[in-house]
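Chain by chain, the residues:
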There are 2 protein chains.
Amino acid sequence: MHRTKVRVVEDALDANNTIAQANRDDFDRAAVKVVNFMSSPGAGKTTLLERGIAGLDVRVGVLEGDVMGSMDADRLAALHIPVTQLNTASGFGGECHLDANMVRSALKSLPLDEIDLLVIENVGNLVCPAEFRVGEDTRAMVISVTEGEDKPLKYPLMFRACELVVVNKIDLLPHLDFDVDKLLYNLDAVHPGVAHMLVSAKTGEGIDDWQAWLREQARMEVAV
Amino acid sequence: MHRTKVRVVEDALDANNTIAQANRDDFDRAAVKVVNFMSSPGAGKTTLLERGIAGLDVRVGVLEGDVMGSMDADRLAALHIPVTQLNTASGFGGECHLDANMVRSALKSLPLDEIDLLVIENVGNLVCPAEFRVGEDTRAMVISVTEGEDKPLKYPLMFRACELVVVNKIDLLPHLDFDVDKLLYNLDAVHPGVAHMLVSAKTGEGIDDWQAWLREQARMEVAV
C-alpha cells in the first residue's frame, strides 16, 4: 500500500510524462498517429523521410527537431507537406533531445486536422532522446551500418525504447567490415524480437518496407 | 565595476568549471597533457586511438567514457597502456556526456606519473560533451564522411569547441555522395581556420598526421 502511494507521487512529479500525456491526448482527439524518429547524427533520418513520404498515400506532417538551423525542414518542405521546425538552441549549447514541453510549444503551429501521421524527427543523439516521451504512439530509430555492430550494447536504452530499428546505408556493406548478423545478434540481446528492416535510402532498397511501416502506423486503431 | 563582480559570482557558481580547473591543476602538477576526444557514435574514435597509439613514442593513457560496457576499453587495453573505464549509466538512461566531476572520480585510478598524455574518449554525442570542460588542455573531434557535410552547421558548438577536427573514413569517399570541400567550407563558416586532417583509420591514410598531432600535444609546454 505504501509502495503504491510512492509510485503515484513520483509519477505526478514527472512533469515530462504529464505533458507527454497531454500531447498524446491532443493527438488522439485529432486522430493523428505520432512516430518519434531517432538516430545518431548523420544516420539518414531526413533522407529516409524524403524517400518514405514521397508518393505515400497518407497525409503526413513532420516536426523537425534540431539544435540549430532549418536545413532538414527545408528539404522536407520540398515534398509539399506541413513541416514545423523546432530548434533547441535556446540554452548554452542547445538541448540534445526534444522533450514533451518543446513538442507542446509546437502543437499550435501543427495543422493536426490536415494530417493522419506526424513524424517527429528528434535531435541526432543515441542517449537522451530515448529518455523523454513526447506524446508519441511509436518510437523508431535508424542505425547506419557505418556506425559499427556494437551500438546496441553501448546504447541499450535507445535500442530497447524503439518498436522499429531501421538499418540504413546497406549499399555501403561491400565496402565495410560490418557483419549484419552480428548487429542483429546484439540487437536481439538488448531487445529480443524487435522489428527491424534493412534499407538503403540511397538506392531505394527496402524502401517499400519502410513505406509500408509508415502506412501501417497511420492506420493503426487508437488504443482506448 | 559592477559587471566584473557579477562575472566573478557567476564563475564561482559554475561547479563544473571549478572542478575542471581542479582536474587541470592535478594534470599540470603531474605534467600530463590531456585531450578531450569527441564525436558522434560510430565515427571511429576508438579505432583512431588504436591506430594512433600503437607505436607512438609517447606514454599514453586513456580514460574511456561510455554509457555502458567496456568494449572500447578492452580494445585499447590490448595495446598494453593504462586504460580506465568510466560508465555514465548510473542515472535512468545514462548521462550523454562526461563532466568534470565524473573525470575527477576517475583520477585516483589513473597512473598519472606513468603517462605523458591522457586521452579522454567522451561519450558518442555531438551536443553536450562540448558544453562540459573536464580539465583538458585540448579538444579534438572526429567526423566521419558518412555523416554528411551539413554537420558543422547543425552542431556548431562542437565544431567551434575543438582545436582539431579529424575527418575519418575517407576510404569510403568513392562510394558516397560526400563533398569534402563542402564540409570544409561549412567547417570554416563556424570555426574559421581550425586545424583539420583527412584520415582513414581503416587503410592508415593520414594516420602519420594523427600520430604527429598526438605527439605534439604530449610535448607542448604547460601554460603558466
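Since the model is a prediction, treat every value here as computed from it, not as a measurement.

This part takes up the interface of chain A and chain B. Between chain A and chain B, the residue contacts involve 35 residues of the former and 35 residues of the latter. Taking both sides of the interface into account, the surface hidden between chain A and chain B amounts to around 3,000 Å²; carbon and sulfur atoms contribute 61%. Together, Pro41(A), Lys154(A) and His175(A) form the three largest contributors to the area buried by chain A at its contact with chain B, with a combined 19%. Linking chain A with chain B are six salt bridges. Ionic pairing is found between Asp72(A) and Lys154(B), a salt bridge with its closest N-O pair at 2.4 Å. Summed over the shared surface of chain A and chain B, the result is twelve residue pairs in polar contact (both at pLDDT 80 or more).

It is worth spelling out the pattern of salt bridges at this point. All names here are of chain B. Under the criterion given, the structure shown has 30 salt bridges over all chains. Across the salt bridge formed by Arg-75 and Glu-50, the nearest N and O atoms sit 2.9 Å from each other. With a gap of 25 residues between them, Arg-75 in helix 4 (residues 71-77) and Glu-50 in helix 3 (residues 45-53) connect regions that are remote in the sequence. Across the pair Asp-72 and Arg-75 runs a salt bridge whose closest N-O atoms are separated by 3.9 Å. Placement of both Asp-72 and Arg-75 in helix 4 is noted, with a separation of three residues, approximately one turn of the helix. Classification of Asp-72 by relative accessible area gives buried; the value is 1%.

All names here are of chain A. One open sheet holds the seven strands; their spatial order is 3-2-4-1-5-6-7, and the pairing between them is parallel. Either end of the sheet is taken by a strand with one partner, and the two such strands are strand 3 (83-87) and strand 7 (195-198). Pairwise comparison of adjacent strand axes, ignoring direction, gives a mean angle of 20° for this sheet. Where strand 1 (residues 33-39) lies against strand 4 (residues 117-121), five bridges are found, and the strand directions are parallel. Residue pairing in the sheet places Val-35 in a bridge with Val-119 of strand 4. Together, strand 1, strand 2 (60-66), strand 4, strand 5 (138-144) and strand 6 (164-168) form the strand contacts of helix 3 (residues 45-53), whose direction differs from that of strand 1 by roughly 140°. Where helix 9 (residues 207-219) meets the sheet, it contacts strand 1, strand 4, strand 5, strand 6 and strand 7, and its direction lies at approximately 140° from that of strand 1.

Reading the values: the criteria
- Residues numbered from 1 in each chain as written.
- Chains lettered and ligands numbered in written order.
- Predicted model: local features only at pLDDT ≥ 70, side-chain atom pairs only at ≥ 80, totals over all residues.
- Heavy atoms only, no water.
- Contact = heavy atoms within 4.5 Å.
- Buried area = accessible area lost by both parts, 1.4 Å probe.
- Salt bridge = Lys/Arg side-chain N within 4 Å of Asp/Glu carboxyl O.
- Polar contact = N/O pair within 3.5 Å; in protein donor to acceptor, adjacent residues only side chain to side chain.
- Helix = DSSP H or I, 4+ residues; strand = E, 2+ residues; numbered from the N terminus.
- Buried < 20%, exposed > 50% of the residue type's maximum accessible area, 1.4 Å probe, protein only.
- Pairing = 2+ DSSP bridges.
- Axes fitted to C-alpha atoms, helices over the stretch in contact; angles between N-to-C directions.

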